[in-house]
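Observations on the three-dimensional arrangement
So you can see what is in the structure, the chains are spelled out below.
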Amino acid sequence: MVRLRAKCVLAGDSTVGKSALAHVFRSESAHFLKNYTLTTGVEVFVNPIPIPDTSDSVELFLFDSSGKEIFYDMVESQWDLAGALCLVYDITNMDSFNSCAKWLERTRAQAPSGQLAGVLVGNKTDLASRRCVESAQAQEWAASQGLEYYETSAKEMDNCDAPLQSLARAFHRMYEEKLEHIRSIV
Ligand code: GDP
Ligand code: MG
């Protein structure tokens, strides 16, 4: 039985719904442990997720930056050594989708050895009539970047669990691959 810990950064433009998603994650988790403010403007949520077909679990430490941060004003320490990325855009806002490449690049640059488990989340599916970004387009870009793609509505609490479950599994897979690699060279 292994309990892994992953630092997971919530990234994306302002107002796409990162904080709303973080609060749904928090309230949906029966195993919620703690929630505290680490540094001004950054909230951390701990969310232990069991990995199916194993006795292992992954604790995702979710870092949500509050406030209206501008891209280049992000606190560097928040990005340091992130092992997982939840990249969020708003399906009614094309600019927020176009920003995703920048957010991804930035997080990758800070990740240890470039290893990063990641998901792309299209939020606000309840505003379907105002959709600007087609699912297929987002899906295609996500796949090209090695990210799983999910759509959610934080407002209606729809599908909000799925991205985190996926991240936990991806992080666990990364860990197992690392173990196998080590076994193969010793
Ligand atoms: P952040 O800046 O990325 O953290 O975004 P917030 O979580 O603060 O949300 C910005 C605004 O979008 C708020 O008014 C939220 O109520 C709203 N919002 C967040 N998620 C959803 C959603 O799924 N659907 C709708 N309709 N509004 C949402
Ligand atoms: Mg926020």
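Structural data are supplied above this passage.
Residues numbered from 1 in each chain as written. Chains lettered and ligands numbered in written order. Predicted model: local features only at pLDDT ≥ 70, side-chain atom pairs only at ≥ 80, totals over all residues. Heavy atoms only, no water.

A few points about the overall build of the protein
- If you tally the helices and strands in the protein, you get six helices and seven strands.
- Helices and strands appear in the protein in the N-to-C order β-α-β-β-β-α-β-α-α-β-α-β-α.
- Expressed as a percentage of the 186 residues in the protein, the buried residues total 49%.
- Considering only contacts in the protein between residues 6 or more positions apart, those separated by 24 or more positions represent 71%.
- Surface summary for the protein: the accessible area is close to 9,300 Å², and the carbon and sulfur share equals 51%. (Helix = DSSP H or I, 4+ residues; strand = E, 2+ residues; numbered from the N terminus. Buried < 20%, exposed > 50% of the residue type's maximum accessible area, 1.4 Å probe, protein only. Contact = heavy atoms within 4.5 Å. Areas by Shrake-Rupley, 256 points an atom, 1.4 Å probe, with all protein chains shown as cover.)

Focus on helix H5 (residues 135-144)
- Buried within H5 are the following residues: Ala138, Trp141 and Ala142. All buried residues of H5 project into a common sector of 100° when viewed along the axis, lining one side. Across from the buried face of H5, at angles greater than 90 degrees, the exposed residues are Ala136, Glu140, Ala143 and Ser144.
- Looking at the buried positions of H5, the neighbouring elements they touch are strand E5 (84-90), helix H3 (94-98), helix H4 (100-110), strand E6 (117-123) and strand E7 (148-152).
- In the stretch just after H5, Gly146 is the one whose phi turns positive, near 75°. (Arc of directions from axis to C-beta.)

Treat this as a map of the structure, not an account of what it does.
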